[in-house]
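Commentary on secondary and tertiary structure
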Amino acid sequence: MHKNNYIYHFNYNDNESDLCKLESRHIFNTEEQNKMLFSDKKVEPSSSAFIKRRIDIILSSEDYPTLIADIKKLDIHAEGFKVEYLVLHGDKTEYNNRLKRLKDIGYSIEGDPDYYNPTITYSLCYFDDVWYFGIMNKDSFDWHKHKQKPCSYSNSINVSIAKALINIAAEADKDKKLIDACCGVGTVMLEACFSGNNIEGCDINEKIYKQAIENLSHFNYTANVYHSDIKDIDKRYDAAIIDLPYNLFCYADDEIIMHIMRSTANITDRLVIVSTSDITEQINSAGLKLSDYCNIKKGRKTNLSRRIWVCEKN
Ligand SMILES: C[S@@+](CC[C@H](N)C(=O)[O-])C[C@H]1O[C@@H](n2cnc3c(N)ncnc32)[C@H](O)[C@@H]1O
């Protein structure tokens with residue numbers, strides 16, 4: 001039986017599987033398996049594009065009647081509650097049986113239920129011969145509003161990648177100081193601000209820098225954005241994110257890529273780099289050590305295939 005505090009439930013499409021696993025390694029120190037994970041680490045589902053639910057486990061038992069008896073002993077009073085069944089990997093419980101169990105729990109809680117506007121949602125799930133009862137926290141999907149940002153470009157990284165970059169860079173630690181070294185219109189910064197991460201941004205292009213500021217203020221976020229070459233930033237950061245220019249809207253050759261990577265490595269020991277091509281040689285030349293990697297294939301939501309390189313200073 002798992003003795004962890006939380007069960008996480010994930011969802012993603014086939015193209016995003018490797019990105020979700022990379023993110024989960026850096027948030028939880030372990031990979032999600034079969035779209036679920038047990039952990040003691042508390043993470044808000046909305047801070048990731050892939051975590052859909054977190055169950056805060058209250059009780060567990062291998063014996064279902066014991067679980068119900070234990071729920072009754074808790075003497076829960078909750079006006080406007082709801083109970084949802086979460087089907088986890090390997091759970092073959094049939095629909096009618098699931099409904100019956102939800103009723104069992106409903107009758108064990110004092111108060112009138114509210115199915116449409118619940119004040120609290122409890123959850124029942126079954127995994128590896130154990131029943132779990134807890135409080136369900138769902139992804140609010142609020143961050144989808146960022147898709148309507150005033151300024152964007154068609155080849156900007158998508159929101160799922162932006163959220164993953166934050167989680168990989170910060171390793172779920174909101175106190176870590178992050179810099180988006182080539183922030184563009186601020187796609188990554190919006191997600192960091194939404195999740196309460198500590199981030200600053202920098203872009204060499206004045207028009208684009210102004211668009212990042214416009215996007216941030218549109219959603220009432222405050223974060224420093226510098227109109228600067230990253231080489232002129234003289235603060236230190238716990239980690240940097242670099243979405244390298246890919247030579248579409250702004251010119252980028254090997255020299256520019258090396259310049260950005262070397263300059264960023266001067267202000268942090270940890271770099272999470274996004275590229276559209278193989279940058280193994282540049283990583284070595286910049287004196288960096290590759291510690292993790294994933295390739296995101298071109299898909300429904302991504303116009304370009306992208307590679308994510310997690311690097312540490314040698
Ligand atoms: C691929 S875009 C970043 C896009 C961004 N992630 C977004 O979604 O809007 C790369 C950015 O790097 C900026 N850039 C290029 N060289 C730079 C440098 N030396 N210092 C800072 N920014 C630089 C470009 O102006 C461009 O906006």
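As shown above, the structure is provided for reference.
The structure contained in this document is the topic of the report that follows.

Broken down by element type, the protein carries 8 helices and 13 strands. Principal-axis analysis of the C-alpha atoms places the extent of the protein at approximately 65 × 35 × 35 Å. Per-residue burial over the protein gives 40% buried out of 314 residues. Considering only contacts within the protein whose residues lie at least 6 apart along the sequence, 72% involve residues at least 24 apart.

Helix 5 (residues 187–195) sits mainly inside the fold: 9 of its 9 residues count as buried. Buried residues of helix 5: Thr187, Val188, Met189, Leu190, Glu191, Ala192, Cys193, Phe194 and Ser195, and no others. Just downstream of helix 5, Gly196 is the residue with a positive phi angle, here 80 degrees.

A word on the sheet that holds strand 11 (residues 270–275). An order of 9-8-7-10-11-13-12 is seen for the 7 strands of this open sheet, with the pairing classed as mixed. With one partner strand each, in any of the chains shown, strand 9 (225–227) and strand 12 (288–296) form the two edges of the open sheet. Geometrically, the sheet is characterised by an average inter-axis angle of 20 degrees between neighbouring strands, direction not taken into account. The pairing of strand 7 (residues 177–180) with strand 8 (residues 198–203) spans 4 bridges and is parallel. Counterpart to Asp180 in the pairing with strand 8 is Gly201.

The environment of the ligand is made up of 20 residues, and the closest members are Ser156, Cys182, Gly184, Thr187 and Asp243. Contributions of two or more residues to the shell around the ligand are made by helix 5, strand 8 and helix 7 (254–265).

The side chains of a regular strand alternate between both faces of the sheet. The buried fraction of strand 8 is high, at 5 of 6 residues. As paired strands, strand 8 and strand 9 are joined by 3 bridges and run parallel to one another. Note that in strand 9 the partner of Asp203 across the bridge is His227. Following the chain from strand 8 across helix 6 (residues 206–218) to the adjacent parallel strand 9, one finds a crossover that is right-handed.

Let us now look at helix 2 (residues 64–74). Where helix 2 is concerned, the buried positions are Leu67, Ile68 and Ile71. Buried residues in helix 2, looked at end-on, bunch into an arc of 95 degrees, giving them a common side. Of the residues in helix 2, the exposed ones pointing more than 90 degrees away from the buried face are Pro65, Ala69 and Lys73. Immediately beyond the C-terminal end of helix 2, within one or two residues, lies Asp75, with a positive phi of roughly 55 degrees.

Leu165, Met189, Ile242 and Val272 are the most contacted members of the largest nonpolar core, which has 85 residues in total. For this core, the leading source of residues is helix 4 (residues 159–170), giving 9 residues. Lining this core are residues from two domains, each supplying at least three of them: domain 1 (6–138) and domain 2 (142–313). If near-sequence neighbours (up to four positions away) are discounted, Ile242 is found in contact with Ala181, Cys182, Ile260, Thr264, Leu271, Ile273 and Val274.

Reading the values: rules and limits
- Residues numbered from 1 in each chain as written.
- Predicted model: local features only at pLDDT ≥ 70, side-chain atom pairs only at ≥ 80, totals over all residues.
- Helix = DSSP H or I, 4+ residues; strand = E, 2+ residues; numbered from the N terminus.
- Buried ≥ 20, exposed ≤ 12 C-beta atoms within 10 Å, placed from the backbone.
- Contact = placed C-beta atoms within 7 Å.
- Pairing = 2+ DSSP bridges.
- Axes fitted to C-alpha atoms, helices over the stretch in contact; angles between N-to-C directions.
- Near = placed C-beta within 6 Å.
- Right-handed = clockwise from strand over helix to strand, strands pointing away.
- Arc of directions from axis to C-beta.
- Core = buried A, V, L, I, M, F, W, Y, C linked by C-beta atoms within 7 Å.
- Domains from an automatic or database assignment.

Interpretation in functional terms is not warranted from these geometric data alone.
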